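A look at the structure
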Amino acid sequence: MKFSLAREATFENIEALQTSLAQCVNGGMLDLEDTYYDALGALLEDARVVANWDELEEVITRAKTLETDVAAWLSMQGRTSLSLPWPRPDP
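Residues numbered from 1 in each chain as written. Predicted model: local features only at pLDDT ≥ 70, side-chain atom pairs only at ≥ 80, totals over all residues. Heavy atoms only, no water.

1. A look at helix 3 (residues 53-76)
Working note: α-helix, 3.6 residues per turn, so residues spaced by three or four point in the same direction. Helix length check: helix 3 (24 residues) gives 34 Å between terminal C-alpha atoms against 34 Å at 1.5 Å per residue, within 8%. Residues of helix 3 that are buried: Leu 56, Val 59, Ile 60, Ala 63, Leu 66, Glu 67, Val 70, Trp 73 and Leu 74. On its buried face, helix 3 sits against helix 1 (3-26) and helix 2 (35-49). Put simply, Asn 52 is the residue that caps the front of helix 3, since its side-chain oxygen is 3.1 Å from the backbone nitrogen of Asp 54. Within two residues after helix 3, Gly 78 carries a phi angle of roughly 80 degrees, on the positive side. (Helix = DSSP H or I, 4+ residues; strand = E, 2+ residues; numbered from the N terminus. Expected span 1.5 Å × (residues − 1). Buried < 20%, exposed > 50% of the residue type's maximum accessible area, 1.4 Å probe, protein only. Contact = heavy atoms within 4.5 Å. Polar contact = N/O pair within 3.5 Å; in protein donor to acceptor, adjacent residues only side chain to side chain.)

2. Quick notes on the pattern of salt bridges
Going through the model one piece at a time under the given rule, you end up with two salt bridges. As a salt-bridge pair, Glu 45 and Arg 48 come within 2.5 Å of each other at their nearest N and O atoms. Of this pair, Glu 45 and Arg 48 both sit in helix 2, separated by three residues, roughly a single helical turn. On the accessibility criterion, Glu 45 (45% relative accessible area) is partly exposed. Arg 62 serves as the salt-bridge partner of Asp 46, at 2.7 Å between the closest nitrogen and oxygen. Pair noted here: Asp 46 is in helix 2 and Arg 62 is in helix 3, with a separation of 16 residues, a long-range link. Of the residues examined, Asp 46 reaches a relative accessible area of 25% and is grouped as partly exposed. Judged by its relative accessible area of 32%, Arg 62 falls in the partly exposed class. (Salt bridge = Lys/Arg side-chain N within 4 Å of Asp/Glu carboxyl O.)

Encoded structure:
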């Protein structure tokens, strides 16, 4: 996958995570001091400025961690979530 497309896909996934987080918070999830929201905002900013695959992979790793946290909360509430397709560099 081309780097520019991967960066855009990552950005879109992080935005999708923000939407899921908003639904969780509206459903009763505590996001003390907006910790998750702020972390996702920082990831969006990072995704805008990454210049290479190594930097993008770091953003993706951090985003996957937040995705897992949101999915775990949804699961505890009896809801399901979809795993996002994260980009990878071509071999």
